[in-house]
Amino acid sequence: MSVGVYVHADSVVHRLSPGIKLAALFGFSTLIVLVRDVVALAVALGLVLMLFPLARLPLSLAWRQWRPILVVMAILAAVQLFYSDWVGAVSVVLRLSALVLLAALVSLTTKASDMIEAISRAVRPLAYLGISPTRIGLVISLALRFIPLIAEQLEEVKEAQRARGLERNVLALTIPLMVRVLKMATEIGDAIEARSFDPDDARRLSDLWRRRSEQPSERNDH
Amino acid sequence: MSTRDLAYIALFAAIMAALAIFPPLMLPIGVPITAQSMGPMLAGLILGARRGGLSILLFVVLVAIGLPLLAGGRGGLGIVMGPTGGFIIGWIPAAFAIGWLTERFWNGLNPINAFLIAVFGSVVVSYAVGIPWTAAVAGIGLDQAFWPMLAFVPGDCLKAAVAVVVALTVKRAYPLIPARS
Amino acid sequence: MIEIRSVTQIFGERTVLSDVSVSLDERRIAIVGSNGSGKSTFARLLNGLLLPSRGEVLVDGMSTAKDSKAVRRRVGFVFQNPDNQIVFPLVEEDLAFGLKNLKLPAEEVRARVEAALVQYGLAELRTHPAHLLSGGQKQMLALASVLVMAPEIIVFDEPTTALDHRNKRMIADFIRGLKQRAIVVSHDLDLLRDFDRVLAFEAGRIVLDGAPETVLPRYLEMMG
């Protein structure tokens, strides 16, 4: 499972602030949905592909991100071919390819933690509604951390059930897996608190301000 | 909301992602059933409305920022904004509705009412978002978008049955919704 | 100094600890007891992960109920399973997590993470996904991410139970060489022989308390 999609390299694209990358992706995807001209779409895809060498990533990585959407794209293109013409079909392929590859490039060049920090910053104005950026950041990284753990646990449960000849029984796999991962989540929740995480952090803007003015004194006693 | 609740929310978003690795089952009529849409049912039935809905919202955000977590390794804004994006977005209110009803019926939850709750959320609620979405993006009439989707209903019922058995067993082994007095 | 003052812990209908009072000040303290004796609950009381149903726990005079933040700065907690303690997907991110929670300035977080990466032999693994580490490396990361926060006392909950022989020895050596005070919950009696004090729990009470050479033989006898 490709969860740690980040691929390290020393490039301009990697160093670019994640907020700018996300904003660019959003702007680009909005534009490309509006663009109808097939030449413009081809140029857009070409530009996206040129960003891969700029990010010092091999084009094989682009191919690997592109492959999974091939089938969907083929179906959509076929529908277009049927209802309109080949220009429409090519447009669908170009548009989707450009979109997916740019989105993939952002993920490939941005560490999850940096991405999360950018989102946290973006939602900061919502803090007074009770939506805390700290919590959002934590919950996103936890989800990314859990995915490989669940896969590992599934393998363990499979092995245990294989001994009983039950490895193909959906319930015999799912139920023990579920109980295991729930226990794991409970303990991780405790471990996070043990490392001084404050779930009520930044609940309100006023708290944010107060905390900011308290910070220097807190640093001194350390 | 406690840190544990945050962990459960993250966990079910991750379970959604993990469900993507199960190969889709083909129905005789040629409609694929993916395990992933079982996730919102499990989230609602096990975590309740608020935590369940937030866990699916988190999953959709992760997909939207470009992580390839949908079945078939798909992800990114392109998919979320695409023709089937409404069904993905619709998972959020579906999980919330299933959770809300589960909390209401928690003390007397049995296989029958739990199944009806799961079907209501995963068919009625998520189709109510998905079908108009498809119609709008593809530029076709609501009725034209409606009929093809009926092919997915048998699969959804099958998934609801599995989710209910899992959730009711988990309820006995590790209940996470507080009992109502 | 950690003072436990007539603490009773009740979960639902079950009394897990009944009226426990004890002061902990030694450099190496071990906690032994059978499963369900209340020792893990006791450990979780020491840094406020659990708050007592009755009574109070004071760390250097501060109550775990009222000053939870200050208490957690002083008392770190290492869980049995490192997988359940590593929060972030990458090694360096996980090391930084606790420091960010302490609201340290960014430069200091970076500096301390760098130092810890070197000190605990994780420098080569900095951008490594945590789930690809070996068992021993995971345990090291779990320890490092608690130690990087510079607690004065570290509570270990069965640190060697899930490990193979080699990693067990590594953790034992690690605890032995630790500058900080340590309170270790364990079934692994070999690990505890050179400790300063051993507390034995049974049915929610401390039944034995003293130096390992007196407590451990009696504890083994009691366990039959």
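None of the values given here were measured: they were computed from a predicted structure. (Residues numbered from 1 in each chain as written. Chains lettered and ligands numbered in written order. Predicted model: local features only at pLDDT ≥ 70, side-chain atom pairs only at ≥ 80, totals over all residues. Heavy atoms only, no water.)

Undergrad: Explain the environment of Pro52 of chain C to me, and be specific about the residues and the numbers.
TA: Residues and elements named next belong to chain C. Residue position: Pro52 is located in the loop between helix 1 (39-45) and strand 4 (54-59). Among the residues examined, Pro52 registers a relative accessible area of 16% and is labelled buried. Each C-alpha atom of the pair Pro52 and Phe42 lies 9.4 Å from the other, and the pair is ten residues apart in sequence. Setting aside anything within four residues of it in sequence, one finds Pro52 in contact with Val7, Thr8, Gln9, Leu45, Val57 and Thr64. (Helix = DSSP H or I, 4+ residues; strand = E, 2+ residues; numbered from the N terminus. Buried < 20%, exposed > 50% of the residue type's maximum accessible area, 1.4 Å probe, protein only. Contact = heavy atoms within 4.5 Å.)

Undergrad: Can you tell me about unusual backbone geometry, naming the residues and giving the values?
TA: Residues and elements named next belong to chain C. Look at Asp60: it is not a glycine, yet its phi comes out positive at around 45°. Unusually for a residue other than glycine, Lys103 sits at a positive phi of about 60°. Look at Lys103 and you get partly exposed, because its relative accessible area is 22%.

Undergrad: Give a detailed account of the packing of aromatic side chains, specifying residues and quantitative values.
TA: Evaluated as defined, the whole model comprises seven aromatic pairs over all chains. Aromatic side chains Phe59 of chain B and Trp91 of chain B sit 6.5 Å apart centroid to centroid with 45° between the ring planes, which places their arrangement in the tilted category. Of the two residues, Phe59 of chain B is situated in helix 3 (residues 49-64) and Trp91 of chain B in helix 5 (residues 85-104); the sequence distance between them amounts to 32 residues. Like Trp91 of chain B, Phe59 of chain B is buried. Here the aromatic rings of Phe88 of chain C and Phe97 of chain C are separated by 5.3 Å at their centres, their planes lie at 45°, and the arrangement is tilted. By relative accessible area, which is 6% here, Phe97 of chain C ends up buried. Members of the aromatic cluster, joined through ring pairs, are Phe197 of chain A together with Phe88 and Phe97 of chain C. Sitting over the face of the ring of Trp100 of chain B, Arg104 of chain B holds its NZ or CZ atom 4.2 Å from the ring centroid. Its end group placed over the ring of Trp106 of chain B, Lys171 of chain B keeps NZ or CZ at 4.6 Å from the ring centre. (Phe/Tyr/Trp six-rings, centres within 6.5 Å; stacked < 30°, edge-to-face > 60°. Lys NZ or Arg CZ within 6 Å of the ring centre and 35° of its normal.)

Undergrad: Please give an account of the pattern of salt bridges that cites residues and values.
TA: This model, assessed by the stated rule, comprises 27 salt bridges over all chains. A salt bridge links Lys39 of chain C to Glu158 of chain C, with the nearest nitrogen and oxygen atoms 3.8 Å apart. Linking Lys39 of chain C in helix 1 with Glu158 of chain C in the loop between strand 7 (153-157) and helix 6 (165-177), this pair joins segments that are 119 residues apart in sequence. For the pair shown, Lys39 of chain C and Glu158 of chain C are each scored as buried. Of the charged contacts, one joins Arg112 of chain C and Glu108 of chain C as a salt bridge, the two residues approaching to 3.3 Å between their closest N and O atoms. Here Arg112 of chain C and its partner Glu108 of chain C are both found in helix 4 (residues 106-119), four residues apart, which amounts to about one turn of the helix. Look at Arg112 of chain C and you get buried, because its relative accessible area is 16%. The structure contains a network of salt bridges with shared partners spanning Arg145 and Glu152 of chain A together with Asp83 and Lys138 of chain C. (Salt bridge = Lys/Arg side-chain N within 4 Å of Asp/Glu carboxyl O.)

Undergrad: Describe helix 2 (residues 38-47) of chain B, naming the residues involved and giving the relevant values.
TA: Summarising burial for helix 2 of chain B: ten of the ten residues are buried, a large majority. Phi for Gly48 of chain B, located one or two positions after helix 2 of chain B, is positive at around 90°.

Undergrad: How would you explain the environment of Gly177 of chain C if you had to name every residue and give the values?
TA: All names here are of chain C. Looking at the secondary structure, you find Gly177 in helix 6. When its relative accessible area of 63% is taken as the criterion, Gly177 is described as exposed. Once the C-alpha coordinates of Gly177 and Ala142 are considered, the two residues, 35 residues apart in sequence, prove to be 17 Å apart.

Undergrad: Explain the packing of helix 3 of chain B against helix 5 of chain B to me, using residue names and the numbers behind them.
TA: All names here are of chain B. One can describe the packing of helix 3 onto helix 5 by two numbers: an axis separation of 7 Å at closest approach and a directional angle of 165°. With respect to each other, helix 3 and helix 5 are oriented roughly antiparallel. Between helix 3 and helix 5 lies a crossing of right-handed hand. Along the contact surface, helix 3 presents Ala49, Arg50, Gly52, Gly53, Ile56, Leu57, Phe59 and Val60, while helix 5 presents Ile88, Trp91, Ile92, Ala95, Phe96, Gly99, Trp100 and Glu103. The residue makeup of the contact of helix 3 with helix 5, split by class, is eleven nonpolar, three polar and two charged. (Axes fitted to C-alpha atoms, helices over the stretch in contact; angles between N-to-C directions. Parallel < 35°, antiparallel > 145°, perpendicular 65-115°, else oblique. Left-handed = near helix turned anticlockwise from the far one by under 90°. Nonpolar A, V, L, I, M, F, W, Y, C, P; charged D, E, K, R; others polar.)

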